Amino acid sequence: MAKKPWGGRFQGGTEQEVEAFTSSLDFDQRLFPQDIAGSQAHARMLARQGIIAPEEAEAIVRGLEEIRGEMEAGEFSWDPALEDVHMAVESRLIAKIGEVGRKLHTARSRNDQVALDVRLFLAGEIEGLLGDLTDLRRAGARLARRHLGVLMPGYTHLQRAQPILFSHHLLAHDEMWRRDQARLTESLARIRVSPLGAAALAGTTFPIDPQFSASQLGFPEVFRNSLDAVSDRDFLLEFLAHSSIMMVHLSRLAEELIIWSSSEFAFVDLPDAYATGSSIMPQKKNPDVPELVRGKCGRVCGHLLGLLMTVKGLPLAYNRDLQEDKEPLFDTLDTVKAAVRLMTGLLGNLKIRPERMAAALHGGFLTATDMADYLVTKGVPFRTAHEQVGQTVQYAETQKKELWELTLEEIRRFAPQADADLFEWLKIENSVARRTSPGGTAPARVAAALARVEEELSL
Ligand code: ARG
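How each quantity is defined
Starting afresh in each chain, residues are numbered from 1 along the sequence in its written order. Only residues with pLDDT of at least 70 get local features here, since the model is predicted, and only at 80 or more are side-chain atom pairs given and counted; chain-wide, interface and lining totals rely on the full set of residues. Side-chain metrics rest on all non-hydrogen atoms present in the structure, leaving aside hydrogens and water. By convention a nonpolar core is built from buried Ala, Val, Leu, Ile, Met, Phe, Trp, Tyr and Cys residues, the set being connected through side-chain atoms within 4.5 Å. Burial classification: accessible surface area is computed with a 1.4 Å probe over protein chains only, and a residue below 20% of its type maximum counts as buried, one above 50% as exposed, and the rest as partly exposed. Runs of H or I in DSSP of at least four residues are treated as helices and runs of E of at least two as strands, each being numbered from the N terminus. Any pair of residues with heavy atoms lying within 4.5 Å of one another is described as a contacting pair. The definition of a polar contact used here is a pair of N or O atoms within 3.5 Å, where within protein one atom must be able to donate a hydrogen and the other to accept one, and adjacent residues in sequence count solely through side-chain atom pairs. Lines fitted to C-alpha atoms define the axes, with helix axes restricted to the stretch in contact, and inter-axis angles between N-to-C directions lie between 0 and 180 degrees. The labels follow the angle: roughly parallel below 35 degrees, roughly antiparallel above 145, roughly perpendicular from 65 to 115, and oblique for the rest. Take the far helix as your reference; a near helix turned counterclockwise from it by less than a right angle gives a left-handed crossing, and one turned clockwise gives a right-handed crossing. Put simply, Ala, Val, Leu, Ile, Met, Phe, Trp, Tyr, Cys and Pro go in the nonpolar bin, Asp, Glu, Lys and Arg in the charged bin, and everything else, Gly too, in the polar bin.

Draft legend 1. Spotlight on the nonpolar core. Formed by 111 residues in total, the largest nonpolar core has its most connected members in Phe166, Phe239, Leu250, Trp260, Leu329 and Met343. If one sorts the elements of this core by residue count, helix α6 (residues 110-146) sits on top with 16 residues. When sequence neighbours within four positions are dropped, the list of residues in contact with Trp260 reads Met152, Phe166, His169, Phe265, Ala266, Phe267 and Val268. With 21 residues, the next largest nonpolar core counts Val380, Val389, Tyr395 and Leu422 among its residues.

Put into structure tokens, the structure is as follows:
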């Protein structure tokens, strides 16, 4: 059994169950690139400040580089007795370069070390995720461009409400993704703050230069309070919150795709490569990908709640409870990345059925609001117009007719101010074309909105 780096004051070994219970090695292995980079920056800082000799720092940096190679090649043997990635790296270093390796942990604790590793890791991952979100937005914008001009019913309460452009609907999702990107980007400023130099909790007696190690790692800022530096996990909570919102956004789109691909709607055909069959019903093509995106939203939101509960009762500063921050973080990242990529693929290969969308524009009196607006232009107060149109709709329903199939005389029974030009207002295309208000669904507005998004995405 390996000797514990902290074994000085202990007699005998650790109970095996305790070792298994306290170890984070299984999952924090994933942080080895960050752990090594952080240690190299720390060693260089120690040498620069005259705390260790320059040759010593060089030996440490080189030794760590070799360990990185072993880990990348999968040749590293992870000893479960070594608790976590930090101790695994350090004991390997000592085994490789001898006594000098024992100097690396000067003026440092695993408490500031682990906080640094997670921050470095998350900052890198967020950059990747921002790129993935850009790909998703591009897939959405391309779909909007391909089908610019296609009409569909817009819904409220999942009841047909007013005609809109399909592209307008897609661009609504783009707004959500744009905010998701903005939230992640803003959070980077709070993640890129180096806690290195806080040591265990109170700072250190050595003349360290935290700014130097931070800048080695590309972090523009340094912690201001050593207690906070080792116990703060706000940046993770924020990320889990942002991820939950992202998943909620994807889940809402997933839900729409599920509904739209049902035979009741049949607005879209899911690509075969993104659907699955049934083991018993040969005819079925199931929307499992959007269903699982919707389903996995639950676990990501759960991770946010879980970590909030982990952190809520912790006295300052570091507590071992904080080790529980990693699995929710890793699982959230893996889940969100997969969900974003799969939705990108789905949108990129989605088949739209404009004829089905057009068919759904009939039968729901979707231009009733337009008739009310028309009456307003004839001097009728809106509330009165609303009432008159309501009565007209009720009458049309009894006649099993669309509003535009009524005669002017019939309409005038309820709306005496109506003239023949009303019929222009009742046409679906005109209803969309008239909604020229800012952010509205008129083709010119949507075309401009799409052009703006394409510019943002360099499309
Ligand atoms: N594995 C620990 C974690 O993830 C590293 C820090 C442990 N620090 C300590 N004093 N036991 O939080």
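Draft legend 2. Geometry of the side chain of Ser231. Along the chain, the position of Ser231 falls in helix α9 (residues 226-231). Within the local environment of Ser231, its side chain forms a polar contact with the backbone oxygen of Leu227, the two atoms lying 3.0 Å apart. Look past the residues within four positions of Ser231 in its chain and what remains in contact with it is Leu316, Ala317, Tyr318 and Leu322.

Draft legend 3. Spatial organisation of the packing of helix α3 (residues 32-48) against α6. Put simply, α3 and α6 touch, their axes get as near as 9 Å, and they point 120° apart. Looking at the two axes, α3 sits oblique to α6. When you trace α3 past α6, the crossing you get is right-handed. In contact with Gln34, Asp35, Gly38 and Ser39 of α3, α6 contributes Gln113, Leu116, Asp117, Leu120 and Phe121. Considered class by class, the residues forming the contact of α3 with α6 number three nonpolar, four polar and two charged.

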